[in-house]
Amino acid sequence: MCRLPLIKPSRRILLSSAGLIAARLAVPRRVNSAQPAKLTLAILFVPRGDFAPYYLARERGYYAQAGIDLTIKHVLGNAFAFQMLSAGNAEFAHADIVQMLQLQGATPEPAMKSVAVVCGRIPLSLFYLNGRGIEKPKDLAGRSIVDSPGSTTPALIKLLAQANGFDAGTIEWKSAAANAKAALMLQGQADAVSTYLPALPSTAARAPAGKTVGVFNFGDHGVDIYGDGIISTGAFVRANPDLTRAFVQATLRGYTDAFANPAAAVEAIVKSAPELDRANALKELDIARILNKKDDRDLVGFGAHDPVKMAATYAAVIEAIRQPIARPVGDFFTNDFLA
């Protein structure tokens, strides 16, 4: 089996002056306009607790104070979020940085750029039922994993296997629609399911009687790359720097408030999505907090991209997913709008 090299780019070479930015989360400066700027944010999935910070920021008037009239639209997957950006139907997207890079490698126009990190650790995870002989990632060797068509997991699992000493080539892959794949794992038709960590509360709630759900988060097990970012097009960012800055700072203020007062954040999103279960939404928001928790290695503030980690994310797309990217990694992110 071809083993991928560990991705450890030089911090001395890659750590630029942008790398030590700490976001100043005061009231964002208002865009100089008589009328609020109408902006649309596309979010990669249906309403869920981990998206509550946007709703709290809107409810508390942070966007309005910055001269922004924000519409939030939820779509089913990163592809649709990027389509909205490409078509000009959204100015910003909450979407996966890995999949942005993969898309830009295949379809470089319109150029996209992450303007803030809102999921510092990759949320990609494998769920399994406890009590079936899976206790560590190595135990996945020879097992079956269910995923939806077009997923990057069969490629990225090479990084998990490398970090944890097992052969990814021994895994049997099964396919199911995104809204059905967890059921196959829960019913015993697959040993594990690939999904994002915030789906854990709702999946665990559906476990068979007497069973509990275990999880391997890729970020917890040696795959140190980014998750979601606030993504826009290069053309919009260049033409609207003040508006981009105002949106980013209002959003990060919403995240800070949501992590400090999760109940208020959940109430804010429930007003727009009354079908949400509050208890699950609180757990989902707490998972977002955990995925953004800093450790001793982090040299950047909340929302900022670490150039070294961005380089590792870029390398994962090229080496694991095998998608060439023509432009350098520095073209795909900026820390210019955090302060």
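Up top is the structure.
Residues numbered from 1 in each chain as written. Predicted model: local features only at pLDDT ≥ 70, side-chain atom pairs only at ≥ 80, totals over all residues. Heavy atoms only, no water.

Student: What should I look at first to understand the overall build of the protein chain in this one?
Tutor: Looking only at helices and strands, one finds 13 helices and ten strands in the protein chain. In the protein chain, which comprises 339 residues, the proportion classed as buried is 56%. Intrachain contacts of the protein chain at a sequence separation of at least 6 include 82% that bridge at least 24 residues. Entry remark: accessible area of the protein chain is about 14300 Å², with carbon and sulfur atoms responsible for 52%. (Helix = DSSP H or I, 4+ residues; strand = E, 2+ residues; numbered from the N terminus. Buried < 20%, exposed > 50% of the residue type's maximum accessible area, 1.4 Å probe, protein only. Contact = heavy atoms within 4.5 Å. Areas by Shrake-Rupley, 256 points an atom, 1.4 Å probe, with all protein chains shown as cover.)

Student: Explain the sheet that holds strand β8 (residues 192-196) to me, please; I cannot follow it from the model alone.
Tutor: Strands pair in a sheet through their backbones, by hydrogen bonds, and they do so in one of two ways: parallel or antiparallel. Pairing in this open sheet of five strands is mixed, and the strands run β7-β6-β8-β5-β9 from one edge to the other. Because the sheet does not close on itself, it has two edges, and the strands there are β7 (172-175) and β9 (213-217). Strand-to-strand twist in this sheet, taken as the mean axis angle between neighbours without regard to direction, amounts to 30°. The sheet contact formed by strand β5 (residues 124-129) and β9 spans five bridges and is antiparallel. Considered in β9, the bridge of Leu129 is made with Val213. Across the sheet, helix α6 (residues 153-164) lies against β5, β6 (144-147), β7 and β8, angled at about 85° from β5, the strand it touches most. (Pairing = 2+ DSSP bridges. Axes fitted to C-alpha atoms, helices over the stretch in contact; angles between N-to-C directions.)

Student: What is the right way to look at the environment of Asp96 in this model?
Tutor: Mapped onto the secondary structure, Asp96 falls in strand β3 (residues 92-96). For Asp96, a relative accessible area of 4% gives the class buried. Measuring from C-alpha to C-alpha, the distance between Asp96 and Ala79 comes to 9.8 Å, with 17 residues separating the pair along the chain.

Student: Would you explain the nonpolar core in this entry?
Tutor: Note on soluble globular proteins: their nonpolar side chains tend to be buried together. The biggest cluster of nonpolar side chains holds 95 residues, and the ones touching the most others in it are Tyr54, Ile68, Leu156, Phe218 and Phe247. Of all the elements, helix α10 (residues 241-260) adds the most residues to this core, at eight residues. With near-sequence residues (within four places) excluded, Ile68 lies in contact with Pro36, Ala37, Leu39, Tyr63, Leu243, Ala246 and Phe247. In this structure, Leu186, Ala199, Leu200 and Ala207 belong to the second largest nonpolar core, which totals 17 residues. (Core = buried A, V, L, I, M, F, W, Y, C linked by side-chain atoms within 4.5 Å.)

Student: Just to check I follow, could you spell out the side chain of Asn217 for this structure?
Tutor: Note that Asn217 resides in strand β9. For Asn217, a relative accessible area of 3% corresponds to the buried category. A polar contact of 3.3 Å, which involves the side chain of Asn217, links it to the backbone oxygen of Leu124. A polar contact is formed between the side chain of Asn217 and the side chain of Ser125, at a distance of 3.2 Å. (Polar contact = N/O pair within 3.5 Å; in protein donor to acceptor, adjacent residues only side chain to side chain.)

Student: Could you clarify how one ought to interpret the sheet that holds strand β10 (residues 228-233) in this entry?
Tutor: Pairing within the open sheet is mixed, and its five strands lie in the order β2-β1-β3-β10-β4. Two strands lie at the open edges of the sheet, namely β2 (68-74) and β4 (112-117), each paired on one side alone. When strand polarity is set aside, the average angle formed by the axes of neighbouring strands in this sheet is 30°. Running over the sheet, helix α2 (residues 52-59) touches β1 (37-43), β2, β3 and β10 and is turned about 155° from β2.

Student: I tried to follow unusual backbone geometry on my own but got confused; where do I start?
Tutor: Cis geometry marks the peptide bond from Glu109 to Pro110, where omega comes out at -5°. For Pro110, the location among the structural elements is in the loop between α5 (97-106) and β4. One non-glycine residue, Arg322, adopts positive backbone phi at about 65°. Relative to the helices and strands, Arg322 resides in the segment after α13 (307-319). Residue classification places Arg322 among the exposed positions, given a relative accessible area of 54%.

Student: Can you help me understand the environment of Ala163 in this one?
Tutor: Locating Ala163 in the fold gives a position in helix α6. Note on Ala163: relative accessible area 36%, which makes it partly exposed. It is 7.1 Å that separates the C-alpha atoms of Ala163 and His221, two residues lying 58 residues apart in sequence. The residues touching Ala163, leaving out its near neighbours within four places in the chain, are His221 and Gly222.

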